[in-house]
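Descriptive analysis of the structure
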Amino acid sequence: MAAKSFAHLHVHTVYSLLDGASRLGDLMLRVKELGMSSVAITDHGVMYGIIEFYKMAKQAGIHPVIGCEVYVAQRTRHDKEARVDDDPYHLVLLAENQQGYRNLVRLVSLASIEGFYYKPRVDHELLERYHEGLIAMSACLSGEIPKTVMNAGYDAAKKIAAWYRDVFGRDNFYLELQDNGLDRQRPVNESLIRMSKDLDIPLVATNDCHYIRKSDALAQDVLLAIQTQKSVNDPGRLRFETSEFYLKSPDEMYALFKEVPEALKNS
């Protein structure tokens, strides 16, 4: 265990198809190299990487945290209207125990069976039904709470945060802080820290890892170009704005969030 205790709980692997560039064997080696004893898998909307992830983590002496970054429908999972329901929110779910694992499998399955519209989607009703044994985190800037902060203001986002806290429980819902060098993350983080105090919701720091080392950013960028069927030279295509979405060391994470050490310890 590193002197500064930290675990990455928001990690995309190659099973986030054409989005994540982290191979599982390399991921475990890097986690050990950086002195961390746990790591999560939170691929976008799917769980088909978890068996390989679990086996490789155990083999490496790393504690595997099974999770998924699910897509949450803006209305309900049954609404499928063009230009209205094709941009779902993000939410990170982690299995706390066996019941949580079973509920996560059920949610991810129903997201495809009942909620698929461009992407597999759950909704608030499913989250209320299958929340037991799960830890939820508010995700990146595409999460429901951060998006509402940016689009509708603090008070509207605060109501949504209170709903998630009440559904998952005070000990099982976390407001997620990220700092990948994006200007719009700073005011959102300030709102989340304020919200944490107002609603008694704990904070957790993550890095939304899509690749292992900073030098892997180019490889991940090529994957995104393939996914969106664009040339890497297309100036208007989807791309990550910085090369900070990598598996950072505990020291790097503590440097980023030195003002909120509890968010690091909570990981």
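Residues numbered from 1 in each chain as written. Predicted model: local features only at pLDDT ≥ 70, side-chain atom pairs only at ≥ 80, totals over all residues. Heavy atoms only, no water.

Because side chains alternate across strand E1 (residues 38–41), one face comprises the buried residues Ser38 and Ala40, and the other comprises Val39 and Ile41, equally buried. With 4 bridges joining them, E1 and strand E2 (residues 63–72) adopt parallel strand pairing. Looking at the pairing, isoleucine 41 lines up with isoleucine 66 of E2. (Buried < 20%, exposed > 50% of the residue type's maximum accessible area, 1.4 Å probe, protein only. Helix = DSSP H or I, 4+ residues; strand = E, 2+ residues; numbered from the N terminus. Pairing = 2+ DSSP bridges.)

Quick look at the state of the cysteines now. All chains considered together, the criterion is met by 0 disulfides. The thiol of cysteine 68 is unpaired, and the distance to the nearest cysteine sulfur, on cysteine 140, comes to 13 Å. Take cysteine 68: its relative accessible area is 0%, and that puts it in the buried class. Cysteine 140 takes part in no disulfide bond, and the closest cysteine sulfur, belonging to cysteine 209, lies 12 Å away. Here cysteine 140 falls in the buried class, since its relative accessible area comes to 12%. (Disulfide = S-S within 2.5 Å.)

Using the criterion set out here, one finds 6 aromatic pairs in the structure. Their ring planes at 15° and their centres at 5.4 Å tell us that tyrosine 164 and phenylalanine 173 sit as a pair that is stacked. Cluster of aromatic residues (ring-pair linked, three or more members): Trp163, Tyr164, Phe168 and Phe173. In this structure, arginine 194 packs its charged tip against the face of tyrosine 154, placed 3.7 Å from the ring centre. (Phe/Tyr/Trp six-rings, centres within 6.5 Å; stacked < 30°, edge-to-face > 60°. Lys NZ or Arg CZ within 6 Å of the ring centre and 35° of its normal.)

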